[in-house]
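Report on the structure
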Amino acid sequence: MKDQIFGVLQRVGRSFMLPIAILPVAGLFLGIGGSFTNETMLATYGLTGLIGPGTFAYSILSVMSAAGNVVFGNLPLIFAMGVSIGMAKKEKEVAALAAAIAFFIMHASIGAMININGGTEALLSGAATSVLGITSLQMGVFGGIIVGLGVAALHNRYYKIELPQVLSFFGGTRFVPIVSAITYLIVGILMFYIWPHIQAGIYKVGDIVLQSGYAGTWVYGLMERLLIPFGLHHVFYLPFWQTAVGGTAEVGGKLIEGAQNIFFAELGTKGIEHFSVSATRFMSGKFPLMIFGLPGAALAMYQCAKPEKKKIVGGLLISAALTSMLTGITEPIEFTFLFVAPALYGIHCVFAGAAYMLMHMFGVGVGMTFSGGLIDLFLFGILQGNAKTSWIWIVIVGIGYFVVYYLLFTFLIKKFNLKTPGREDTDEVKLYRRSDVEAKKNGKNEDSDQLSAMICQGLGGKKNISDVDCCATRLRCTVHKAELVNDALLKQSGASGVVHKGVGVQIIYGPRVTVIKSNLEDYLAAAPNEEIIMNTVEKNNEEKVIEKEVEGNIINTIILDSPLTGEAQDLSESPDEAFASKMMGDGAVVTPIDGTVVAPADGVISFVFPSKHAVGLTTTDGIELLIHIGIDTVKLDGKGFETFVKDGDKVKKGDKLLSFDLDFIKDNAPSTSSPCICTSLNSKQKVRLLKTGKIKAGEALIAIDVFE
């Protein structure tokens, strides 16, 4: 039961990431627009004549401010749609439409009930508001989350429903908006009676939190960091940021709920002398931690590395520290010491709580959109002025945090010989690197996406994978059998670490995880539906071809013609490193001048890629050949290509295999250079290039010398 609850909470937490992801750009608009249309700020910096009222720049900045405001003003609807998309397993666009419809119907139903029962005077004080022009209850993002979760549940249950023949038109995905509309009409009626009491309870909880003082702020910061390894921190902090749990305030004549909403409402309102510390106490503690503290920890790990490993460790840790400082994404550093020294992470959590408490004590009024990096500090702290934000305390406390983290981490790492990066007993330095992911992605077979294949194998095979999604830095997966997951293989794919909780698996990759997730989903769509057990994975990993100099007499030579007309070059001239380094095999590369591909020899078509950009041929001499048109053309998803053969077809030399629109490939792919590779040569076979420069299809291109 605990594992099931964790799995549900993990999915709910990740579903929050889609609507949360829009907040940085909305905050950027509001931060820049609101700041440079504030007449006090303009006068302070002497900018009134340049960009003050009446200027073109002022008009543009006012539009930016309004654009940011509209996002924060309509977060409930955004959450309704975003959460439904995040929780829906398939046909996500249908879930989004159904959520929007259900959201309108729920609030319209509430509005109708308000009118029937005597208007807003009949409600509890402060309970009514306007939602997209509809008089309704003050449900905030809770209303959106209720709609999003409910619609997703209905969607996942009914999107494949089959109705009787006479009603079959309304079956499948068309049924989801219908059942959602009916359900939320009823929910709206029920909420009219239920929500005012829930709201009163939320206000009481908010009062308790606000009255908890500095100790409560410390506990909040401690819990927020403790939940990071489990991926549940979004579930924890969202009520504080977006609901009355984080407080209420009247700003510009409107009742605003939630710490982040209060801050941004004040940011867009003139005449605010100092931003509300009771709201920013739930945000400002991140700044000294992410900009100063964790970089101090990174410096300590660098200083403690073995001398011969400091160069590589320095490069990796600098990258991770800058990521934390600029963007506030901390996982590359945090997970580095979480898995090798959990005690360090526990100390880090204690200091995290203290950072929030100190910012509260010093009255720091700096808010944020997503995380506490330099970008948010500049926009919402420095740019607003110290008088309104007291941002200088972030720097003062932050310097102290840098020193404490550096000295404490250095002492503990050396005292207890903790295996932080550069102190491992092996030659490998285990820390997330972008180059690691790229190297794995461009593995033995580019088009089958070796990185995705490795992740799939590490998760126990496609059959063992129930669900795949991601947040800002980690791949979040649900599996059927946790015992089939191979952590070692997942770490080889470039992950900083792997977190388990029942059947929930989180693989930490860093900011590039959205690309990894998309590639994995594409790979799973065509992957074999099988389970992979541990010894199979290890066996597969050991199958690596090491190129050796071939010695002996040549007993046979196999000639393969060029499948293309164009410019022939050695394979090492390929613009793709994976091909050029011969990871996939040896051969040649041809840059085509027309769009026709012919068979280079007699044989059998072993495969035609679904994206039509590559074809495999096994010749009558047993040579396995890959003809790959262009670089990264798999991403074109078949556009511009036409195939004339299928798997298993017998072909003669010169037969037409496929054609492609050369101009389209030039415009939409990194290169038209087309590798022609022998993928499975044995130790007695060696490729020799026969011609470079201009070549016609059908002319001899490469020779495979067979030795004794």
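Quantities reported herein were computed from a predicted structural model and do not represent experimental measurements.

1. A closer look at the environment of Pro76
Its location among the elements puts Pro76 in helix H7 (residues 75-87). For Pro76, a relative accessible area of 18% gives the class buried. Distance from Pro76 to Ile146, taken between C-alpha atoms, is 9.8 Å for residues 70 residues apart in sequence.

2. Observations concerning the pattern of salt bridges
Tallied over the full model, the rule gives 9 salt bridges. The partner of Lys481 in a salt bridge is Glu531, and the shortest N-O contact between them spans 3.2 Å. Within this pair, whereas Lys481 is found in the loop between strand S6 (474-479) and helix H24 (487-492), its partner Glu531 is found in the loop between helix H25 (513-526) and helix H26 (534-542), the two being separated by 50 residues in sequence. Glu531 gets classed as partly exposed once you look at its relative accessible area, which sits at 35%. Arg688 is paired through a salt bridge with Asp705; the nearest N and O atoms lie 2.8 Å apart.

3. Thoughts on the sheet that holds strand S10 (residues 566-570)
Pairing within the open sheet is antiparallel, and its 8 strands lie in the order S17-S13-S14-S15-S19-S11-S10-S21. The open sheet has two edge strands, strand S17 (650-651) and strand S21 (693-695), and neither has a second partner. Here strand S11 (residues 586-592) pairs with strand S19 (residues 674-678) via 5 bridges, running antiparallel. By the bridge assignment for S19, Val589 is matched with Pro675.

4. Quick look at the layout of surface pockets
Approximately 820 Å³ is the volume found for the second largest pocket. Forming the boundary of the second largest pocket are 32 residues, of which Phe72, Gly73, Asn74, Lys254 and Ile256 lie nearest the centre. Those elements that place two or more of their residues in the lining of the second largest pocket are helix H6 (56-73), H7, helix H8 (92-116), strand S1 (128-131), helix H9 (140-158), strand S4 (254-257) and helix H13 (259-267). By residue class, the composition of the lining of the second largest pocket is 17 nonpolar, 13 polar and 2 charged.

5. So, the environment of Tyr158
Looking at the secondary structure, you find Tyr158 in helix H9. The sequence separation of Tyr158 and Val179 amounts to 21 residues, and the corresponding C-alpha distance is 8.7 Å. Apart from residues no more than four positions distant in its own chain, Tyr158 is found in contact with Gly172, Phe175, Val176 and Val179.

6. A short note on the packing of aromatic side chains
Scanning all chains against the criterion turns up 21 aromatic pairs. Aromatic pair Phe103 and Phe104: ring centres 6.3 Å apart, planes at 75°, arrangement edge-to-face. For Phe104, a relative accessible area of 37% translates into the label partly exposed. Here the aromatic rings of Phe641 and Phe660 are separated by 6.2 Å at their centres, their planes lie at 40°, and the arrangement is tilted. Separated by 19 residues along the polypeptide, Phe641 in strand S16 (residues 641-643) and Phe660 in strand S18 (residues 656-660) bring together distant segments of the chain. The same class applies to Phe641 and to Phe660, which are both buried. In this structure an aromatic cluster arises from ring pairing among Phe337, Tyr345, Phe351, Tyr401, Tyr405 and Phe409. The lysine or arginine in question, Lys286, covers the ring of Tyr237, its NZ or CZ lying 5.2 Å from the ring centre. For the cation-ring pair, Lys310 lies above Tyr302, with the distance from its terminal atom to the ring centre recorded as 5.4 Å.

7. Focus: the side chain of Ser65
Examined against the element boundaries, Ser65 turns out to sit in helix H6. Residue class for Ser65 comes out buried when judged on its relative accessible area of 9%. Among all residues touching Ser65, those that are not within four sequence positions of it are Phe29, Leu30, Gly33 and Gly34.

8. Regarding H8
In a regular helix each residue adds 1.5 Å, so 25 residues correspond to 36 Å; H8 covers 36 Å between its end C-alpha atoms and thus fits that length. Immediately downstream of H8, the backbone of Gly118 shows phi near 95°, a positive value.

9. Thoughts on the side chain of Arg423
Tracing the backbone shows Arg423 in the loop between helix H21 (392-415) and helix H22 (434-441). By relative accessible area, which is 13% here, Arg423 ends up buried. Among the polar contacts made by the side chain of Arg423, one reaches the main-chain carbonyl oxygen of Leu418 at a distance of 2.9 Å. Discounting chain neighbours no more than four positions away, the residues touching Arg423 are Cys304, Ala305, Lys306, Ile413, Lys414, Asn417 and Leu418.

10. Some thoughts on the confidence of the model for the protein
Mean pLDDT over the protein stands at 83; residues scoring 70 or higher make up 86%. Element-level pLDDT for the protein is lowest in H22, with a mean of 39, against a maximum mean of 96 in H21. Low pLDDT, under 50, characterises residues 430-448; the predicted model gives this stretch 56 contacts beyond four residues in sequence or across chains. Residue range residues 536-548 is modelled with pLDDT below 50. Its contacts to residues more than four positions away, or to other chains, number 8 contacts.

11. Concerning the packing of helix H18 (residues 342-361) against H21
With their axes 12 Å apart at the nearest point, H18 and H21 run at an angle of 165° to one another. The pairing of H18 with H21 is recorded here as roughly antiparallel in orientation. Like other packed secondary-structure pairs, H18 and H21 cross with a definite hand, here right-handed. Across the interface between the two elements, Leu344, Ile347, His348, Phe351, Ala352, Ala354, Ala355, Leu358 and Met359 from H18 touch Trp393, Ile394, Val397, Tyr401, Val404, Tyr405, Leu408, Phe409, Leu412 and Ile413 from H21. Considered class by class, the residues forming the contact of H18 with H21 number 18 nonpolar, 1 polar and no charged.

12. A look at unusual backbone geometry
Phi at Leu132 takes a positive value of approximately 55°, unusual for a residue other than glycine. Its place among the elements puts Leu132 in the loop between S1 and strand S2 (134-137). Here Leu132 falls in the partly exposed class, since its relative accessible area comes to 39%. The phi angle at Ser390 is positive, at roughly 55°, despite the residue not being glycine. Position of Ser390 among the secondary structure elements: in the loop between helix H20 (386-389) and H21.

13. Observations concerning the environment of Gln260
Counting through the fold element by element, Gln260 comes out in helix H13. With a relative accessible area of 0%, Gln260 lands in the buried category. Each C-alpha atom of the pair Gln260 and Thr243 lies 9.0 Å from the other, and the pair is 17 residues apart in sequence.

14. Concerning the packing of helix H15 (residues 286-304) against helix H16 (residues 310-327)
Interhelical geometry of H15 versus H16 gives an angle of 175° and a closest axis separation of 9 Å. For the element pair H15 / H16, the angle class is roughly antiparallel. Along the contact surface, H15 presents Met290, Ile291, Leu294, Pro295, Ala298, Met301, Tyr302 and Gln303, while H16 presents Lys310, Val313, Gly314, Leu317, Ala321, Ser324 and Met325.

How each quantity is defined
- Residues numbered from 1 in each chain as written.
- Predicted model: local features only at pLDDT ≥ 70, side-chain atom pairs only at ≥ 80, totals over all residues.
- Heavy atoms only, no water.
- Helix = DSSP H or I, 4+ residues; strand = E, 2+ residues; numbered from the N terminus.
- Buried < 20%, exposed > 50% of the residue type's maximum accessible area, 1.4 Å probe, protein only.
- Salt bridge = Lys/Arg side-chain N within 4 Å of Asp/Glu carboxyl O.
- Pairing = 2+ DSSP bridges.
- 1 Å grid on protein atoms, 1.4 Å probe; cavity = no way out; pocket = protein on both sides within 12 Å on 5 of 7 lines; lining within 4 Å.
- Points joined across faces, edges and corners; volume = space filled by probe spheres on them.
- Nonpolar A, V, L, I, M, F, W, Y, C, P; charged D, E, K, R; others polar.
- Contact = heavy atoms within 4.5 Å.
- Phe/Tyr/Trp six-rings, centres within 6.5 Å; stacked < 30°, edge-to-face > 60°.
- Lys NZ or Arg CZ within 6 Å of the ring centre and 35° of its normal.
- Expected span 1.5 Å × (residues − 1).
- Polar contact = N/O pair within 3.5 Å; in protein donor to acceptor, adjacent residues only side chain to side chain.
- pLDDT = per-residue confidence, 0-100.
- Axes fitted to C-alpha atoms, helices over the stretch in contact; angles between N-to-C directions.
- Parallel < 35°, antiparallel > 145°, perpendicular 65-115°, else oblique.
- Left-handed = near helix turned anticlockwise from the far one by under 90°.

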